[in-house]
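Notes for the structure review
One letter stands for each residue in the lines below.
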Protein chains: 2
Amino acid sequence: GAAPAIVHAQSAVRWRIASSFPKSLDTIYGAAEVFAKKVGELSGGKFQVSVHAAGELMPAFGVVDGVQNGTVEACHTAPYYFFGKDETFALGGAIPFGLNSRQMSAWMFEGNGLKLMREFYAGYNIMNFPCGNTGAQMAGWYRKEVKSAADIKGLKFRVGGFAGKVIERMGGVPQNIPGGEIYQALEKGTIDAAEWIGPYDDLKLGFNKVAPHYYYPGWWEGGLEIDLYINQKAYAALSPEYKAIVEAAAAVAHIDMQAKYDARNPGALKQLVGSGTKLARFPKDVMELAFKESMALYSELSAKNPRWKKVYEDLATFRRDQNLWFRFAEASFDDFMQAQKL
Amino acid sequence: GAAPAIVHAQSAVRWRIASSFPKSLDTIYGAAEVFAKKVGELSGGKFQVSVHAAGELMPAFGVVDGVQNGTVEACHTAPYYFFGKDETFALGGAIPFGLNSRQMSAWMFEGNGLKLMREFYAGYNIMNFPCGNTGAQMAGWYRKEVKSAADIKGLKFRVGGFAGKVIERMGGVPQNIPGGEIYQALEKGTIDAAEWIGPYDDLKLGFNKVAPHYYYPGWWEGGLEIDLYINQKAYAALSPEYKAIVEAAAAVAHIDMQAKYDARNPGALKQLVGSGTKLARFPKDVMELAFKESMALYSELSAKNPRWKKVYEDLATFRRDQNLWFRFAEASFDDFMQAQKL
């Protein structure tokens, strides 16, 4: 039988999201569009969200200021871009030798991750929701072969945010360049190497055309979380129902981004290798030096930044336990599968 | 300014979910409760869902009949339990040497998985949503040591659904027993071995008290997807807004279950090992025989069940590409991390 229509407590809302990414990337930029679409569907069209590419409303790296000041209601970005404001930002995205994608989600949703990061973000008028993960990334494109850790010395390397601090300690020269501007810098030779994410995006951005060597793993991004940062006042103004809509739409987008990267990377990798890209694992001494310098950096930061220390210590304990567990069922299943002729 | 309140197109709805799991498991049973809670929040309390433990409304393995006949609007279950109706059910949950958790989500949401499974489920009046994943599972609890594949012969083994067909080909005697009834069977010695999921659930269910040997990996469940099966008429009766609510609430629950297992398994594993559990990797010949028999079984099924063939072939291609890609960035990052002193 037909029950009577019930009056909605919440009225029409319009939000703008400033993305740090170029519109061409249907993976990482696309997740914000998925979020916007779902918010519309869940609210019966009453809560409208528009997404704006990097540079449209503000520069790629200006989006935290935009949210903090209330210029836009929200942004969709990689937390570690903002390590210059406070290194603690990086812990909400990815740090060198941090968590992989599943571990990051577990820390956020079931560990203390989301709680601790929200405490920190409150200082920037930000309420956040995890809204995508890239999975473990490739280590990027190099004009020259990397034979040993010595080859990092003097390397002008575009690397995402916080990882630059470790590259610097290894003798490299990190460059923080937004995704939409990397190709030109690499083509012109302003930089010697550049990393973005992985095969699908990298092929779209055309890096294979200007650098032949493609290394893995991206030890600075075992599972980069992308976040939706929301201005606290804009969030507080929502009804409980619309708050639930924001959370659920972000969950759909969170799944969507990882699924897109996982589903689309294999085909792109085959295309890259087929067109001459030289795929290689980073030499062991690069990994070991990077690990050593990362751990030294984290100790130094813990000694001088109490916000970092509080969050990092929790993440480090979680990371230790996760790696203890993942080596059993997960690793032995994956190892076996990867060794089979399928 | 206050905009006028807007009338909701959708009226009150009440659904019942029959779970195949016992209420004590806050991981796998809990995901249905998360779903119910989110549906309530997203609808401002107008769409109410109640969750019922295995046996409360119908037996654990009777839930598909219940949804098909419309006795309940939905159930929350492991697809492979129903391989006796049609082996194709198993492909929606997990098959031996199938996909891991991330790969399964990628196949469902970005590959053809969800589309193909929905075509198949339509024959049972079912519309489905992925609603949880356990991650790679442990291989379970054995009263006696498994030294080689010969020790599987004659083994009375409780194993989840479809995997029993491979165990049988290896000479074992599979038993399909609901989660809530395994402990008693193992304690009484009605069975020689039993697997459930992993450390957190297994510790709760007390298997360590009645069998000392704990093996990995559970090669039959690299990433078991748990589904919400919805009666098609009940689903069709929803407004577009409530359909979006079901999808988004299922996404929240999908993330929640994997995060709970990942966050809670490490501590439970430490407790188990601390209390005397003997953790061991399955001998190589067990894995190899199981793989060989699984592939032979899949060929046979493809020859006689066209529904299986259609879905399996798509999954197999996806699996080949996923394992090609995951061996690079993902595996090399995880390997390195698991080898470090953290």
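1. Considering helix 13 (residues 329–339) of chain B
Burial analysis of helix 13 of chain B places nine of its eleven residues in the buried class, which makes it a mostly covered element. When helix 13 of chain B is considered as a whole, its buried residues turn out to be B:Ala329, B:Glu330, B:Ala331, B:Ser332, B:Phe333, B:Asp334, B:Phe336, B:Met337 and B:Gln338.

2. Concerning the domain arrangement of chain A
Residues and elements named next belong to chain A. Split into domains, chain A comes out as domain 1 (13–134 + 222–264) and domain 2 (140–221 + 267–305). The largest per-residue losses of area from domain 1 upon contact with domain 2 belong to Glu87, Pro96 and Phe97, which jointly make up 29% of the total buried on that side. Here domain 1 is connected to domain 2 by one salt bridge. Summed over the shared surface of domain 1 and domain 2, the result is 13 residue pairs in polar contact (both at pLDDT 80 or more). Counting residues per element, the ones that place at least two in the side of domain 1 that touches domain 2 are helix 3 (88–91) and helix 10 (240–274). Of the residues belonging to the side of domain 1 that touches domain 2, the class tally is 16 nonpolar, six polar and four charged.

3. A few points about the interface of chain B and chain A
Listed per partner, the contact involves 83 residues of chain B and 83 residues of chain A. Taken together, both faces of the contact between chain B and chain A bury some 7400 Å²; the carbon and sulfur share is 68%. Interface area lost by chain B to chain A is led by B:Trp325, B:Phe333 and B:Gln338, which between them contribute 10%. Summed over the shared surface of chain B and chain A, the number is ten salt bridges. Joining chain B to chain A, the criterion identifies 16 residue pairs in polar contact (both at pLDDT 80 or more). Secondary structure elements with two or more residues in the side of chain B that touches chain A: helix 1 (30–42), helix 4 (101–109), helix 10 (240–274), strand 11 (278–281), helix 11 (284–304), helix 12 (306–326) and helix 13 of chain B.

4. Regarding the pattern of salt bridges
Applying the stated criterion across every chain yields a total of 42 salt bridges over all chains. With a shortest N-O distance of 2.8 Å, B:Lys260 and B:Asp256 are connected by a salt bridge. Linking B:Lys260 with B:Asp256, this pair stays in helix 10, spanning four residues, or about one helical turn. Each member of the pair, B:Lys260 together with B:Asp256, is buried. Connected through salt bridges with shared partners, the residues A:Asp26, A:Lys204, A:Asp256, A:Lys260, A:Arg264 and B:Glu110 form a single ionic network.

Thresholds applied
Residues numbered from 1 in each chain as written. Chains lettered and ligands numbered in written order. Predicted model: local features only at pLDDT ≥ 70, side-chain atom pairs only at ≥ 80, totals over all residues. Heavy atoms only, no water. Buried < 20%, exposed > 50% of the residue type's maximum accessible area, 1.4 Å probe, protein only. Helix = DSSP H or I, 4+ residues; strand = E, 2+ residues; numbered from the N terminus. Domains from an automatic or database assignment. Buried area = accessible area lost by both parts, 1.4 Å probe. Salt bridge = Lys/Arg side-chain N within 4 Å of Asp/Glu carboxyl O. Polar contact = N/O pair within 3.5 Å; in protein donor to acceptor, adjacent residues only side chain to side chain. Nonpolar A, V, L, I, M, F, W, Y, C, P; charged D, E, K, R; others polar. Contact = heavy atoms within 4.5 Å.

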